[in-house]
Amino acid sequence: MTDFSRSWSALLAAVADVPDEDFDQPSGCRGWLVRDLVCHLVIDAQDVLITLVTPADTAPTADATTYWDLVGPPTGDDPLDALVPRLAAAYGDPALLKFHLADVGAAAGRAARLADPAARVSTKDKVLTAGDYLSAYVLEWTLHHLDLIARLPSAPRPSAEILTAARTALERIAGAPFPGELSDTDALLIGTGRRTPTADETATLGGLGERLPLVLG
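K.L.:
Where do I start with the overall build of the protein chain in this structure?
P.N.:
Broken down by element type, the protein chain carries eight helices and four strands. Ordering the α and β elements of the protein chain from the N terminus gives α-α-β-α-α-β-β-α-α-α-α-β. The C-alpha atoms of the protein chain give a radius of gyration of 17 Å, which matches the 17 Å a tight globule of 217 residues would have. For the protein chain, the spread of C-alpha atoms along the principal axes amounts to about 45 × 45 × 35 Å.

Below is the structure:
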């Protein structure tokens, strides 16, 4: 729960600091500009709010690791993926997009702090505890923080503690640790296909590299 709040607060603060002119820069999400990514975060925040008020009365069927499904690389054919850039462009002024994210993002953060970690919630046809659900999103927020700053070198980075927590989460999904030679950031970027490994990194990854990237859905 603490890692959720820390990673989400850091991401919201990073978005707030992005100059308006940089909203047209490419993000680390293939095919999306920074403004598209920020619009996606609005939708993510709404999903958090919806899920936390969607109780379930059956036993959990997933946890923070199995919440994520491994899917194929994006093809651009998904209707939601195509919708996000249109929604983002409709805002026009980046200040309006920032305001919307700050507003709904603050609400999602408050809802997370007030949630009972043991309460069962339902989303994506799965049941899990609120604590596991929020823990799963630490990986999401950290990856998108890295996406946000991919071409904004002066932007604040995720904290070392959050990067390590996200790496640990990805290693659980992979079912194996990433080599210690890889930094947490490199493990996250390479592991999810956001960066192509060098020849040396490929050799270091060994058999794990054959199972990458891990595309989360």
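K.L.:
What exactly am I supposed to notice about the pairing of strand 3 (residues 126–129) here?
P.N.:
The side chains of a regular strand alternate between both faces of the sheet. Covered by surrounding structure in strand 3 are Lys 126 and Leu 128 together with Val 127 and Thr 129, the residues of both alternating faces. Here four bridges tie strand 2 (residues 120–123) to strand 3, and the two strands are oriented antiparallel to one another. Bridging from a neighbouring strand, Thr 123 pairs with Lys 126 of strand 3. Count of turn residues in the strand 2/strand 3 antiparallel hairpin: two residues, of which Lys 124 carries a positive phi of about 55 degrees.

K.L.:
Would you explain the pattern of salt bridges in this entry?
P.N.:
A side chain of one charge can pair with a side chain of the opposite charge if their charged atoms are brought near each other. Taken as a whole, this structure holds eight salt bridges when the rule is applied. With a closest N to O distance of 3.0 Å, Asp 184 and Arg 167 form a salt bridge. One end of the pair, Asp 184, is in helix 7 (residues 184–191); the other, Arg 167, is in helix 6 (residues 160–174), and 17 residues separate them in sequence. Arg 167 shares its class with Asp 184; the two are buried.

K.L.:
How should the nonpolar core be read in this particular structure?
P.N.:
Burial of nonpolar side chains together is a common tendency in soluble globular proteins. Membership of the largest hydrophobic core comes to 62 residues, with the highest contact counts inside it found for Phe 4, Trp 8, Val 48, Tyr 133, Leu 139 and Leu 148. For this core, the secondary-structure elements that each account for two or more residues are helix 1 (2–17), helix 2 (34–52), helix 3 (79–91), helix 4 (94–114), helix 5 (130–148), helix 6 and helix 7. Ranked by residue count, the leading element in this core is helix 5, at eleven residues. Every residue in contact with Leu 139, bar those within four places of it in the chain, is listed here: Trp 68, Ala 166, Ala 169, Leu 170, Ile 173, Leu 188 and Leu 216.

K.L.:
Honestly, a nonpolar patch on the surface in this entry has me stumped. Any pointers?
P.N.:
Together, Leu 80, Leu 83 and Leu 87 line one region of the surface with nonpolar side chains, adding up to about 220 Å² of accessible area. As for its placement among the helices and strands, Leu 87 is situated in helix 3.

K.L.:
Mind showing me how you'd approach the environment of Leu 216 here?
P.N.:
Among the secondary structure elements, Leu 216 is positioned in strand 4 (residues 215–216). A sequence separation of 118 residues divides Leu 216 from Lys 98, and the C-alpha atoms of the two residues are 26 Å apart. Not counting residues within four places of it along the chain, the set of residues in contact with Leu 216 comprises Trp 68, Asp 69, Leu 70, Val 71, Leu 139, Leu 143 and Ile 173.

K.L.:
Could you clarify how one ought to interpret the packing of helix 1 against helix 5 in this entry?
P.N.:
Where helix 1 meets helix 5, the axes come as close as 8 Å, and the angle between the chain directions of the two elements is 25 degrees. Considering the angle they form, helix 1 stands roughly parallel to helix 5. In this structure, helix 1 meets helix 5 at a crossing whose hand is left-handed. Across from Asp 3, Phe 4, Ser 7, Trp 8, Ala 10, Leu 11, Ala 14 and Val 15 in helix 1, the residues of helix 5 making contact are Leu 134, Tyr 137, Val 138, Trp 141, Thr 142, His 144, His 145 and Leu 148. Each residue belonging to the contact of helix 1 with helix 5 can be placed in one class, and the counts come to eleven nonpolar, four polar and one charged.

K.L.:
Help me understand helix 4, please; the structure alone is not making it clear to me.
P.N.:
An α-helix turns once per 3.6 residues; consequently, residues spaced three or four apart project the same way. For helix 4, spanning 21 residues, the distance from its first C-alpha to its last is 30 Å, which sits close to the expected 30 Å at 1.5 Å a residue. Contacts from the buried residues of helix 4 go to helix 1, helix 2, helix 3 and helix 5. Near the N-terminus of helix 4, the side chain that reaches the backbone nitrogen of Ala 95, with its oxygen 2.9 Å away, is that of Asp 93.

K.L.:
Would you mind going over helix 2 with me for this structure?
P.N.:
The end-to-end C-alpha distance of helix 2 is 27 Å, a good match for the 27 Å that 19 residues give at a rise of 1.5 Å each. Among the 19 residues in helix 2, 14 count as buried, and that is most of the element.

Thresholds, definitions, all that
- Numbering of residues starts from 1 in every chain and runs along the sequence as written.
- Whole-chain, interface and lining totals are the exception, using all residues; otherwise, since this is a predicted model, local features are given only for residues with pLDDT of at least 70 and side-chain atom pairs are given and counted only at 80 or more.
- As a convention, hydrogens and water are excluded, and side-chain values are obtained from all of the structure's heavy atoms.
- Each helix is a run of H or I in the DSSP string that is no shorter than four residues. Each strand is a run of E no shorter than two, and both are numbered from the N terminus.
- Atoms counted for the radius of gyration: C-alpha only. Globule rule: 2.2 Å times the number of residues to the power 0.38.
- When accessible area is computed with a 1.4 Å probe and restricted to protein chains, residues below 20% of their type maximum are described as buried, those above 50% as exposed, and intermediate ones as partly exposed.
- Each pair of strands is called paired provided DSSP finds at least two bridges between the two strands.
- The term salt bridge refers to a pairing of a side-chain nitrogen on Lys or Arg with a carboxyl oxygen on Asp or Glu at a separation within 4 Å.
- We call a set of buried residues a nonpolar core when its members are Ala, Val, Leu, Ile, Met, Phe, Trp, Tyr or Cys and they connect through side-chain atoms within 4.5 Å of each other.
- Note on definitions: a residue-residue contact is assigned when non-hydrogen atoms from the two residues lie within 4.5 Å.
- Like charges within 9 Å and nonpolar side chains (Val, Leu, Ile, Met, Phe, Trp, Tyr) within 5 Å are joined into patches, using only residues over 30% in relative accessible area that form no salt bridge.
- All accessible areas in this document rest on Shrake-Rupley with a 1.4 Å probe, and a residue is counted as covered only by the protein chains that are shown.
- A fitted line through C-alpha atoms serves as each axis, taken over the contacting stretch for helices, and the angle formed by two N-to-C directions is quoted from 0 to 180°.
- For this classification, under 35 degrees means roughly parallel, over 145 means roughly antiparallel, 65 to 115 means roughly perpendicular, and everything else is oblique.
- It is the rotation of the near helix from the far one that decides the hand of a crossing: anticlockwise by less than a right angle makes it left-handed, clockwise makes it right-handed.
- Any residue that is not Ala, Val, Leu, Ile, Met, Phe, Trp, Tyr, Cys, Pro, Asp, Glu, Lys or Arg is counted as polar, Gly included; the first ten are nonpolar and the last four charged.
- Expected span, for any helix, means 1.5 Å times one less than how many residues it has.
- Whenever two N or O atoms come within 3.5 Å, that pair is a polar contact, provided that in protein one can donate a hydrogen and the other can accept it, and provided that, for residues adjacent in sequence, both atoms are side-chain atoms.

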